[in-house]
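# A look at the structure
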Amino acid sequence: MEVPHLKILDEKNKTLRLTSKEVTFPLSNEDKKRIQDIITYLTMSQIEEYYTKYNLRPGMGLAFIQLGIPKNIFVIVEEVDEEKFQNYVIINPKMISHSEELVYIGEGEGCLSVNREVEGIVPRYARMRISYQDENGEKKEIRVREEVSVAFQHEMDHLNGILFVDKIDKKNPFKDQDKMREI
Ligand code: NI
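Everything in this summary refers to the structure shown in the same document. Here the residue index of a chain counts from 1 through its sequence in written order. Side-chain atom pairs in this predicted model are given and counted only at pLDDT of 80 or more, local residue features only at pLDDT of at least 70, and totals for whole chains, interfaces and linings cover all residues. Remark: hydrogens and water are excluded; side-chain values derive from all non-hydrogen atoms of the structure.

### Section: the coordination of the nickel ion
For the nickel ion, the full set of protein donor atoms is Cys 111 (SG), His 154 (NE2) and His 158 (NE2), at a range of 2.1 to 2.3 Å. We call an atom a donor if it is N, O or S and sits within 2.8 Å of the metal, or 3.2 Å for Na, K and Ca. Water is not counted, so some sites may look partial. In primary sequence terms, the donor set of the nickel ion follows C-x42-H-x3-H. Here Cys 111, found in the loop between strand S4 (102-104) and strand S5 (124-125), pairs with His 154, found in helix H3 (residues 146-159); they are 43 residues apart in sequence, far enough to count as distant. Classification of Cys 111 as buried rests on a relative accessible area of 5%. A 1.4 Å probe rolled over the protein chains alone gives each residue an accessible area, and that area as a share of the maximum for its type sets the label: buried under 20%, exposed over 50%, partly exposed in between. Exposure remark for His 154: the relative accessible area of 7% places this residue in the buried category. Strands are runs of DSSP state E lasting at least 2 residues, helices are runs of H or I lasting at least 4, and numbering of each runs from the N terminus.

Next up, the structure:
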């Protein structure tokens, strides 16, 4: 298996700050290919044999804007069991509702565009429901929770030009930690 070549933009690149645009259907073959490449890349980045061989940083999500393309598309690849993966291809997402409860990732969030250690917590909704379109343009809804909910919010932020580091309080990176649940 060859790792697809993806040029992932670094946080210093201002393109990451663009607001991504609504996608129309049908998708171009180029975008379909890009989606498949992202799925392969994210999957391989979570398998030891490949991330060692190709020196990949493990990641579970990537938005099109991280490849420089301002379209409302992101992909999440969740490891549900040992080397068993579930893919989410999410196009034109809209949040419908969310929990009151907030959570944060204890070991800190990561991003394939942020190539440095970042301390601090990012408040996220524990659960949410979103509407979106799949690769064929079919309208769907999904309810997500815990780590997947965090990953969805992280990627939806990318579509609005927001990086997780923006959400960490600069003066007090662990602000309000006691008001949220660690996951
Ligand atoms: Ni990211």
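### Regarding the nonpolar core
Nonpolar core, defined: a set of buried Ala, Val, Leu, Ile, Met, Phe, Trp, Tyr and Cys residues in which side-chain atoms within 4.5 Å join the residues together. Ranked by size, the top nonpolar core spans 23 residues in total, and within it Ile 35, Ile 38, Tyr 41, Leu 42, Leu 62 and Val 75 carry the most contacts. Mapped by element, the contributors of at least two residues to this core are helix H1 (29-45), strand S2 (73-81) and strand S3 (84-98). Broken down by element, this core gets its largest block of residues, 6 residues, from H1. Leaving out residues up to four positions away in the same chain, Leu 62 has contacts with Leu 6, Ile 8, Ile 38, Leu 42, Leu 67, Phe 74, Val 75, Leu 112 and Glu 155. Among the nonpolar cores identified, the runner-up in size contains 16 residues, and Ala 63, Val 148, Phe 152 and Met 156 belong to it. By definition in these notes, contact holds between two residues if any of their heavy atoms fall within 4.5 Å.

### Comments concerning the pattern of salt bridges
For salt bridges, the criterion is a side-chain nitrogen of Lys or Arg within 4 Å of an Asp or Glu carboxyl oxygen. Under the defined criterion, the tally for this structure stands at 18 salt bridges. Residues Lys 140 and Asp 134 are paired through a salt bridge, measuring 3.2 Å at the closest nitrogen-oxygen approach. For the salt bridge of Asp 169 with Lys 175, the shortest nitrogen-to-oxygen distance reads 3.8 Å. Residue Asp 169 is classed as partly exposed on the basis of its relative accessible area, which comes to 29%.

### Re the pairing of S2
When DSSP finds two or more bridges between a pair of strands, those strands are recorded as paired. As paired elements, strand S1 (residues 61-63) and S2 share 3 bridges and run antiparallel to each other. Among the inter-strand pairings, Ala 63 is bridged to a residue of S2, identified as Phe 74. Both S2 and S3 contribute to a ladder of 8 bridges, which runs antiparallel. Of the residues in S3, the one forming a bridge with Ile 73 is Ile 91. Linking two consecutive strands that pair antiparallel, namely S2 and S3, is a turn of 2 residues; a positive phi of about 55° is found at Glu 83 within it.

### Considering the sheet that holds strand S6 (residues 127-133)
With antiparallel pairing, 5 strands are arranged side by side in an open sheet as S1-S2-S3-S6-S7. Whereas interior strands pair on both sides, the edge strands pair on one side only; in this sheet they are S1 and strand S7 (139-145). Each neighbouring strand pair of the sheet contributes to a mean axis angle of 40°, computed without reference to strand direction. Note on definitions: angles span 0 to 180 degrees between N-to-C directions of axes, and those axes are lines fitted to C-alpha atoms, for helices only across the stretch in contact. Contacting S1, S2 and S3, H1 crosses the sheet at an angle of about 35° to S2. On the sheet, H3 packs against S1, S2, S3, S6 and S7 and is oriented at approximately 165° with respect to S2.

### Quick notes on H3
In this analysis, the expected span of each helix is defined as 1.5 Å times one less than the number of residues it contains. Compared with the 20 Å implied by 1.5 Å per residue over 14 residues, the 20 Å span of H3 between its first and last C-alpha is a close match. The buried count for H3 comes to 13 of 14 residues, which makes it a mostly enclosed element. Taken from the residues just after H3, Gly 161 is the one with a positive phi, measuring 75°.

### Digging into the sheet that holds S4
Strand pairs in the sheet, formed through backbone hydrogen bonds, run parallel or antiparallel to each other. With mixed pairing, 3 strands are arranged side by side in an open sheet as S5-S4-S8. Each of the sheet's edge strands pairs with one partner strand only, and the pair in question is S5 and strand S8 (181-182). Relative to S5, S4 runs antiparallel, the two sharing 2 bridges. Within the sheet, the bridge partner assigned to Val 103 lies in S5 and is Arg 124.

### What to know about the environment of Asp 166
Examined against the element boundaries, Asp 166 turns out to sit in the loop between H3 and S8. Separated by 44 residues in sequence, Asp 166 and Val 122 place their C-alpha atoms 9.0 Å apart. With near-sequence residues (within four places) excluded, Asp 166 lies in contact with Arg 17 and Gly 161. In this structure the side chain of Asp 166 is engaged in a polar contact, spanning 2.7 Å, whose partner is the side chain of Arg 17. In the analysis that follows, any N or O atom pair within 3.5 Å is treated as a polar contact, provided that within protein one partner can donate a hydrogen and the other can accept it, and provided that, for residues neighboring in sequence, both atoms belong to side chains.

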